[in-house]
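Structure at a glance
Below are the chains, spelled out letter by letter.
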Amino acid sequence: MRFIVALILWALPQSIAAQTWEDQRLFNGGASGQPLRIISSTDTSLFAPIIERYVAQFPDTAVEYLVAGTADTDRIFRANPEAFDVVISSAMDLQFKAANDGLARQLPDISHPSWAQWRQSLFAFTSEPAAIVINRAAFAGHPIPRTRQELIEAMRARPDVFRGRVGTYDVRKSGLGYLFATQDARSSETYWRLMEVMGALDLRLYCCSGEMINDLSDGTIAVAYNVLGSYANARIESEDVIEVIFPSDFPTTMMRTAMVSAKTRRPEAATAFIQHIISLQYSGGRNAFPLPPLAPQINDVEWATIALEPALMTFLDRLKRRRFLAEWQDAVIQIR
Amino acid sequence: MKVDLHGSRSLRNRLMLALIGGAATLALLLFFAIRNYAAQIAQHTQDTILGASATSILDAAVVWNGAVEVDIPYASFSMLTTPMDDRVFYAIYQNDTFLSGYPELAIAPIAAPIGDRDNRFQTIRHQGQDMRVVTASRTMIGQDGRMQVRIALAQTQDALSGTLAQISRNAAIFGTGFFALAALLSFWATSTTIGQLKRLTHSVTRRGPQDLSPFKKPVPLEMLPLVRSLNSLMARLDHSLSQSEDFIAEAAHRVRTPLATVRSYAEATLQRVDKKENRDAMRAMMRAIDESSRAAGQLLDHAMITFRADHLERQDIDLVGLVDELVLRLTPIAEMKDLTLQLKSEGAVHYSGDPILIQNAVRNLIDNALKYSPADGVVTIHVSGDPRPKISVCDNGKGFPKDEVGALPTRFKRGSNSEGTIGSGLGLTIAMDVATAHGGNLQLSNQEKGGACALLLL
């Protein structure tokens, strides 16, 4: 409870003051007229090729791409829905609730499989599994863990190596972290044991994937839990330092979703943008679409994708969230 | 005497209209009944799921350190997944204090005290959409005593509308099919029913003019009274007809004999009187007696013909021989009037018919010809069998008045040029009746070079 109050007290002045963005870029600035405003939780570097292709197709439209964390994205959008045209986030639950609350515009003309969209208003366009990412140096001479259970055993076996060198999302701040944590907790009790073990090892908490991977690659931390595979994979190509593991016991897969604000001022351009992302993820290829495209649900045991259904609102319930955070803090912040 | 019957609305149309109208009403009823029933079931299904979801959420409520905690099960909302992605709203209250969910979801009905596990359903409008709301409550014991945890759970009805639209479509197809089938059946039923009437009508129409025998063919039960009264009507008609024919025959017979007596007396008297005016009076008297006796004879003939025509007895005869005999018999009468009878024929013409009737008919035709022929005239009788047997009697008199040719063969009808000629007006009627009885016809015409021609077709 105290944390919530603290969080609110911290967040309040942030929203009143002029918005500061993690990143902000204007594409096709030369175009006249109001730009298409996209608020997103995805790094600009991953989304830039997609937008560049869009403005190439619609040279009359400028695109302003604004990046914030998942929880901030939701908060900023809800506070001012008419200021944004397109909302993109990896926090499926927050996006779902926004659509359920009527903040998303229905786009009946977009054709998309029913499992990848909700109410023709929320459209999924990537399949991104949560991963355990390790620094290879810390596991030199030791077997690399393939499941959460093996990770627990590895950390228990060498607590001195891992103390202060394990990291995960701060679920209180990150919407995506909260989604992954709640889905993990729903799947197995192993999650709680893992959190307890990590908590005992002075767990480092991060707001975002990017920072976590940075710390991982420079050796500050040895293990990052529930990192987005897409972000980690972007790094692994250049560096041999880290390894991305998709836990084989119960992988959690998230779908990045996009929606058009119900109060958008540029409905045609926004709809065209959604259509653009969807068709690009089908046909794009790695260069045009750097994010992992939607994986058809071939094998739902191995790739348990979080479904777009009303149940996503369960853990957003005030009482439920309070209870979950209390439990999570009990597990993680026990020593501090 | 011809009565113009005005038909009121067709029985067939009335029957069709009633049956098809009934079918249409039934089809509509069916459509609405199915749709209504389906709507109830669909609504009931949604209610059941909503109720189960609300119950499972209430079940997850616990009192923890004096405060109510509700640990909503993941399945509670998961079970509300629909194919049309219906929106879900909820609000949880502790007594009247809002705990969690959507505070704007007004739950007025919650204010009414409701018992535990007593789910209430209603449809409200929220955020511009129709929603089904379930409200439920659960009583819990906390530190401060009893408290009520209440929940309102709302879901949009898009999937329900979709299902209903589909069911409505199917019900409409079903109803239309039912209607088409019923219309076909009613068409068939009507045709069958009307067919019976048509058959009766046909058998009435087909009857000969003299056939007054009762109908014996089986008819449907409902038509029995009609056929019975028809039969009884015909029996009465037959009876009164034969009675009057009998009467006429009897009367003619009774008159003829005294007339013959009177004529012979008159003839004898004529021989004895010398005074011119007395002789003239006697002659006029004899003429009148002749006319009366001839009329009586023809009436008798007619009665006889009517009887024989009803019970036609055909036998093989040679028409030429028959007519020749008749010509021989009539030649003296013709000669008295300075007329010549001429019979033309090409060999024997064999025919199966009633010789007495045919002879009678031809005699009447020759009589007529003799009567209307001028002195020194020739009456030509022509018998031929090709292509069908026919006998023509032609004279070289004045001919038939053109505008009366059609009406002449009716009873007691005499031509406008017949004044001064003895006749009853029955001669052509008798010939016509004989022809009809044999399935033939009597044709009257005038010859181009003058004179009348009567053609008896058999």
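Residues numbered from 1 in each chain as written. Chains lettered and ligands numbered in written order. Predicted model: local features only at pLDDT ≥ 70, side-chain atom pairs only at ≥ 80, totals over all residues. Heavy atoms only, no water.

A look at the overall build of chain B
Helix and strand content of chain B: eight helices and 14 strands. A compact globule built from 458 residues should have a C-alpha radius of gyration of about 23 Å, whereas chain B, at 51 Å, is more than 25% larger. Residue burial in chain B is summarised as follows: out of 458 residues, 40% are buried. Nonlocal contacts in chain B, meaning residues at least 24 apart in sequence, comprise 64% of its contacts between residues at least 6 apart. Of the accessible surface of chain B, which amounts to about 25,900 Å², a share of 59% is contributed by carbon and sulfur atoms. Averaging the coordinates of the 47 positive side-chain charges in chain B and doing the same for the 46 negative ones gives two points 4 Å apart. (Helix = DSSP H or I, 4+ residues; strand = E, 2+ residues; numbered from the N terminus. Rg over C-alpha atoms; globule rule 2.2 N^0.38 Å. Buried < 20%, exposed > 50% of the residue type's maximum accessible area, 1.4 Å probe, protein only. Contact = heavy atoms within 4.5 Å. Areas by Shrake-Rupley, 256 points an atom, 1.4 Å probe, with all protein chains shown as cover. Lys, Arg positive; Asp, Glu negative; His and termini not counted. Charge placed at Lys NZ, Arg CZ, Asp CG, Glu CD.)

Concerning the overall build of chain A
When helices and strands are counted, chain A shows 13 helices and 14 strands. For chain A, the C-alpha atoms occupy an extent of roughly 60 × 40 × 35 Å along the three principal directions. Expressed as a percentage of its 336 residues, the buried residues of chain A come to 58%. Here the contacts in chain A between residues at least 6 apart in sequence split such that 80% fall between residues at least 24 apart. About 13,600 Å² of surface is accessible on chain A, with carbon and sulfur atoms providing 51% of the total. Between the centroid of the 33 positive side chains of chain A and the centroid of its 37 negative side chains there is a distance of 5 Å.

With respect to the state of the cysteines
A complete count under the given rule lists two disulfides over all chains for this structure. Bridging Cys-207 of chain A to Cys-208 of chain A, the disulfide has an S-S length of 2.3 Å. Sign of the S-S torsion, about -75° for the bond between Cys-207 of chain A and Cys-208 of chain A, identifies this disulfide as left-handed. We classify Cys-207 of chain A as partly exposed; its relative accessible area is 32%. In this model, Cys-394 of chain B is linked to Cys-453 of chain B through a disulfide, with the two sulfur atoms separated by 1.7 Å. Because the torsion about its S-S bond is 50°, the bridge between Cys-394 of chain B and Cys-453 of chain B counts as right-handed. (Disulfide = S-S within 2.5 Å.)

Details of the domain arrangement of chain A
Residue and element names in this part refer to chain A. If you check the domain split of chain A, you get domain 1 (2-127 + 255-305) and domain 2 (128-253 + 317-332). Inter-centroid distance (C-alpha atoms) of domain 1 to domain 2 is 25 Å. Every contact between the two is made by 27 residues of domain 1 and, on the other side, 20 residues of domain 2. In total, about 1,800 Å² of surface goes out of reach between domain 1 and domain 2, with carbon and sulfur atoms giving 58% of it. Here domain 1 is connected to domain 2 by one salt bridge. (Domains from an automatic or database assignment. Buried area = accessible area lost by both parts, 1.4 Å probe. Salt bridge = Lys/Arg side-chain N within 4 Å of Asp/Glu carboxyl O.)

Remarks on the confidence of the model for chain A
For chain A, mean pLDDT is 88; residues scoring 70 or higher make up 90% of the total. For the stretch residues 12-17 of chain A, pLDDT sits under 50, and the model shows three contacts to residues farther than four places along the chain or on other chains. (pLDDT = per-residue confidence, 0-100.)

Comments concerning helix α7 (residues 355-372) of chain B
Residue and element names in this part refer to chain B. A rise of 1.5 Å per residue sets the reference length of α7, with its 18 residues, at 26 Å; its end C-alpha atoms lie 26 Å apart and thus fit the reference within 8%. In terms of burial, α7 is a largely internal element, 15 of the 18 residues being buried. Near the N-terminus of α7, the side chain that reaches the backbone nitrogen of Ile-356, with its oxygen 3.1 Å away, is that of Asp-354. (Expected span 1.5 Å × (residues − 1). Polar contact = N/O pair within 3.5 Å; in protein donor to acceptor, adjacent residues only side chain to side chain.)

Looking at the interface of chain A and chain B
If you look at the interface, chain A gives 23 residues, while chain B gives 27 residues. Summing the contributions of chain A and of chain B, the shared interface buries around 2,200 Å²; its carbon and sulfur component is 46%. Three residues, Arg-119, Leu-319 and Arg-323 of chain A, lead the burial of chain A against chain B; their summed loss comes to 28% of the area buried on that side. Where chain A meets chain B, there are four salt bridges. Where chain A touches chain B, the interface holds 18 residue pairs in polar contact (both at pLDDT 80 or more). In terms of residue count, helix α13 (residues 318-332) of chain A provides more of the side of chain A that touches chain B than any other element does, five residues in total. Across the side of chain A that touches chain B, the residue classes tally to eight nonpolar, five polar and 10 charged. (Nonpolar A, V, L, I, M, F, W, Y, C, P; charged D, E, K, R; others polar.)

What to know about the sheet that holds strand β13 (residues 257-260) of chain A
Residue and element names in this part refer to chain A. Read across the sheet, seven strands follow the order β1-β3-β2-β4-β13-β6-β5 without closing on themselves; strand pairing throughout is mixed. Because the sheet does not close on itself, it has two edges, and the strands there are β1 (23-27) and β5 (117-118). Taken together, the three bridges between strand β2 (residues 36-40) and strand β4 (residues 86-89) define a ladder with parallel strand orientation. When the bridges of β4 are listed, Ser-40 appears paired with Ile-88. (Pairing = 2+ DSSP bridges.)

Considerations on the confidence of the model for chain B
Reading fine detail from the predicted coordinates is not recommended where pLDDT is low. Averaged over all residues, the pLDDT of chain B is 84; the fraction at 70 or higher stands at 92%. No element of chain B has a lower mean pLDDT than helix α5 (residues 276-310) of chain B, which averages 82, and none a higher one than helix α2 (residues 74-78) of chain B, which averages 94.

Digging into the nonpolar core
Counting 147 residues, the largest nonpolar core has Phe-47, Val-223 and Phe-273 of chain A together with Phe-77 of chain B as its most contacted members. Among all residues touching Phe-273 of chain A, those that are not within four sequence positions of it are Leu-36, Ile-38, Phe-47, Ile-51, Tyr-54, Val-86 and Ile-88 of chain A. Core analysis: the next-biggest nonpolar cluster, separate from the first, contains 41 residues, Val-320, Leu-322, Val-393 and Leu-426 of chain B among them. (Core = buried A, V, L, I, M, F, W, Y, C linked by side-chain atoms within 4.5 Å.)

Structural notes on the sheet that holds strand β12 (residues 390-394) of chain B
Residue and element names in this part refer to chain B. In spatial order, the strands read β9-β11-β12-β14-β13; together these five strands make up an open sheet with mixed pairing. Since the sheet does not close on itself, it has two edges, and those belong to β9 (340-345) and β13 (441-446), each with one partner. Averaged over all pairs of adjacent strands, the angle between their axes in this sheet comes to 15°, without regard to strand direction. As paired strands, β13 and strand β14 (residues 452-457) are joined by six bridges and run antiparallel to one another. (Axes fitted to C-alpha atoms, helices over the stretch in contact; angles between N-to-C directions.)

With respect to helix α1 (residues 11-59) of chain B
Side chains of residues three or four places apart in an α-helix project in the same direction, reflecting 3.6 residues per turn. Over its 49 residues, α1 of chain B runs 70 Å from end to end, which matches the ideal 72 Å to within 8%, given 1.5 Å per residue. Where α1 of chain B begins, one side-chain oxygen reaches toward the backbone nitrogen of Arg-12 of chain B, 3.1 Å away; that side chain belongs to Ser-10 of chain B.

Considering the environment of Gln-46 of chain B
All names here are of chain B. By the secondary structure assignment, Gln-46 is in helix α1. Gln-46 sits in the buried class, given a relative accessible area of 9%. Along the sequence, Gln-46 and Ser-203 sit 157 residues apart, while their C-alpha atoms lie 67 Å from each other. With residues up to four places along the chain from it excluded, the contact list for Gln-46 reads Arg-132, Gln-155, Thr-156, Gln-157 and Leu-160. A polar side-chain atom of Gln-46 sits 3.0 Å from a polar atom in the side chain of Gln-157.

Considering the pattern of salt bridges
Inspection of the entire model under this criterion finds 24 salt bridges over all chains. Across the pair Arg-256 of chain A and Glu-128 of chain A runs a salt bridge whose closest N-O atoms are separated by 2.6 Å. Here Glu-128 of chain A lies in strand β7 (residues 128-135) and Arg-256 of chain A lies in the loop between β12 (252-254) and β13, a separation of 128 residues in the sequence. Classification of Arg-256 of chain A by relative accessible area gives buried; the value is 0%. Of the charged contacts in the structure, one is a salt bridge between Arg-125 of chain B and Asp-130 of chain B, with a shortest N-O distance of 3.1 Å.

Some words on the side chain of Arg-138 of chain B
Residue and element names in this part refer to chain B. You can see Arg-138 is positioned in strand β6 (residues 129-142). In this structure Arg-138 is buried but unpaired, with Asp-59 as the nearest side chain of opposite charge at 4.5 Å. There is a polar contact of 2.6 Å between the side chain of Arg-138 and the backbone oxygen of Leu-58. At 3.4 Å, the side chain of Arg-138 forms a polar contact with the backbone oxygen of Asp-59.

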